[in-house]
Amino acid sequence: MNIGNSALTEAVYYILLSLLEPRHGYGIMQFTEQLSGGRVRLAAGTLYGAINTMLEKGWIEACGTEPNTRKKEYVITQTGTAVLLGEIARLEELARNGRQLIEQVIRY
Amino acid sequence: MKQKFHKWFWVWEFEKEIRWINDMAAKGFGLCHVGLCTYWFDDIKPGEYTYHLELAENQPLSEKGQEYLDFLNECGVEYVGNVLRWIYLRKKAADGPFELHADLDSKLAHLRRIVLLLLPVMFLNIWASYLNIHHALNHSSDGNLFVGMMNLWCSAMVGYAVVRIGIQIRRLKKERQLHE
């Protein structure tokens, strides 16, 4: 499968963004909510499934536990970063095309 | 003070079941333990907890199942109890809305898990009813006829559940063509 062409889900996109720094599950939820201004609230079940799938695919990896709470932490891998960059390029294309066409139509 | 209730819900009524548990929580009865058709409630502040019910991928006692419960616990979700793979969970209402599967893909995966649980039960009952009724007709055994009819009734009920959930799956799939 060409990972560059298929869209990521919003949850996966925000999880990858959150894991540019090591974070545990709850940290990912909090960061995502904060980053999206409260719009995206990751559901715990969805998050758990997504983390496991991304671990299998090697997009993220476990990087130990937080010293105080012993919660498992994860961080993005090189593959994950490449996936994220591909997705950002795709999103930019979508936004660019949308904006251009709408502007053209409104102008005429 | 702990109170015990007996109540029966069909498998496809899991949404009705959790609505009932949440209605009880709103009245100050917090589910604290579950068994087959049995519910134990403890006194809580009315509306202190929001409850959720889910068919987990793994048995709560297995390593994978425990890992999932630990993860949920980190996210502020408390495990209340289980009946087989059905797990009962709660979260402090003050911590915001409680959703386990917010996106369509994980909702679909959950419904498919339920269908996969029901299908073998249905086929097993169809097969058992065939054997029993066949035996009853050849040996004019009323006992076998009765059991066979019960099996047939069970498979019809489970079949009905599968169709109901199938309809939900189709509706979500349609939705999935438009958005996540």
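Quick caveat, the model's predicted, so the values are computed rather than measured. (Residues numbered from 1 in each chain as written. Chains lettered and ligands numbered in written order. Predicted model: local features only at pLDDT ≥ 70, side-chain atom pairs only at ≥ 80, totals over all residues.)

1. Some words on the overall build of chain B
Then, in step 1: A tally of helices and strands in chain B yields four helices and six strands.
Then, in step 2: Counting helices and strands in the order they occur from the N terminus, chain B gives β-α-β-β-β-α-β-β-α-α.
Then, in step 3: Counting only C-alpha atoms, chain B reaches 65 × 50 × 30 Å along its principal axes.
Then, in step 4: Taking all 180 residues of chain B together, 23% fall into the buried category. (Helix = DSSP H or I, 4+ residues; strand = E, 2+ residues; numbered from the N terminus. Buried ≥ 20, exposed ≤ 12 C-beta atoms within 10 Å, placed from the backbone.)

2. Section: the overall build of chain A
Then, in step 1: Looking only at helices and strands, one finds four helices and three strands in chain A.
Then, in step 2: Mapped from its N terminus to its C terminus, chain A presents α and β elements in the order α-β-α-α-β-β-α.
Then, in step 3: When each of the 108 residues of chain A is scored for burial, the buried share is 28%.
Then, in step 4: Contacts in chain A between residues at least 24 apart in sequence constitute 45% of all its contacts with a sequence separation of at least 6. (Contact = placed C-beta atoms within 7 Å.)

3. Some remarks on the confidence of the model for chain A
Then, in step 1: Taken over all residues, the pLDDT of chain A has a mean of 91, while the share at 70 or more is 94%.
Then, in step 2: At the level of individual helices and strands, chain A shows its lowest average pLDDT in strand β2 (residues 60–65) of chain A, which scores 91, and its highest in helix α1 (residues 10–18) of chain A, which scores 96. (pLDDT = per-residue confidence, 0-100.)

4. Remarks on the confidence of the model for chain B
Then, in step 1: Confidence along chain B averages 92 in pLDDT terms, with 100% of residues attaining 70 or more.
Then, in step 2: What the predictor reports for the complex is a pTM of 0.83 with an ipTM of 0.81.

5. As for unusual backbone geometry
Residues and elements named next belong to chain B.
Then, in step 1: Of note in this structure, C37 is not a glycine but carries a positive phi near 60°.
Then, in step 2: Tracing the backbone through its elements, the reader meets C37 in the loop between β2 (29–35) and β3 (38–43).
Then, in step 3: Among the residues examined, C37 registers 11 C-beta atoms within 10 Å and is labelled exposed.
Then, in step 4: Within the chain, S140 stands out as a residue other than glycine whose phi angle is a positive 35°.
Then, in step 5: In this fold, S140 is placed in the loop between α3 (104–139) and α4 (142–176).
Then, in step 6: The exposure class of S140 is exposed, given the 9 C-beta atoms found within 10 Å.

6. Overview of the interface of chain B and chain A
Then, in step 1: Counting from both sides, the interface comprises 16 residues of chain B and, opposite them, 15 residues of chain A.
Then, in step 2: Within the residue set of the side of chain B that touches chain A, elements represented by two or more residues are α2 (63–74) and α3 of chain B.
Then, in step 3: At four residues, the largest contribution of residues to the side of chain B that touches chain A is made by α2(B).
Then, in step 4: Partitioned by chemical class, the residues of the side of chain B that touches chain A number seven nonpolar, three polar and six charged. (Nonpolar A, V, L, I, M, F, W, Y, C, P; charged D, E, K, R; others polar.)

7. Here we look at the domain arrangement of chain B
Residue and element names in this part refer to chain B.
Then, in step 1: By domain assignment, chain B separates into domain 1 (3–95) and domain 2 (104–176).
Then, in step 2: The gap between the C-alpha centroids of domain 1 and domain 2 is 26 Å.
Then, in step 3: Taken together, the contact between domain 1 and domain 2 spans six residues of the former and eight residues of the latter.
Then, in step 4: Its residues placed into classes, the side of domain 1 that touches domain 2 shows four nonpolar, no polar and two charged. (Domains from an automatic or database assignment.)

8. Observations regarding helix α2 (residues 25–35) of chain A
Residues and elements named next belong to chain A.
Then, in step 1: Turning to α2, its buried residues are G25, I28, M29 and T32. Viewed along the axis of α2, the buried residues span an arc of 100°, placing them on a single side of the element.
Then, in step 2: With its phi angle positive at about 60°, G37 sits one or two positions after the end of α2. (Arc of directions from axis to C-beta.)

9. Considering the packing of α3(B) against α4(B)
Residues and elements named next belong to chain B.
Then, in step 1: Two elements in contact, α3 and α4, have axes whose closest approach is 7 Å; the angle formed by their N-to-C orientations is 160°. Classified by the angle their axes make, α3 and α4 are roughly antiparallel. For α3 against α4, the interelement crossing comes out left-handed. (Axes fitted to C-alpha atoms, helices over the stretch in contact; angles between N-to-C directions. Parallel < 35°, antiparallel > 145°, perpendicular 65-115°, else oblique. Left-handed = near helix turned anticlockwise from the far one by under 90°.)

10. Quick look at the sheet that holds strand β4 (residues 49–55) of chain B
Residues and elements named next belong to chain B.
Then, in step 1: Here three strands make up an open sheet; going across it, the order is β4-β6-β5 and the pairing antiparallel. Lying at the two open borders of the sheet, with one neighbouring strand each, are β4 and β5 (77–83). Pairs of neighbouring strands in the sheet enclose a mean axial angle of 25°, with direction left out of account.
Then, in step 2: In this structure, β4 lies alongside strand β6 (residues 86–92), joined through seven bridges in antiparallel fashion. Bridge pairing links E54 to I87 in β6. (Pairing = 2+ DSSP bridges.)

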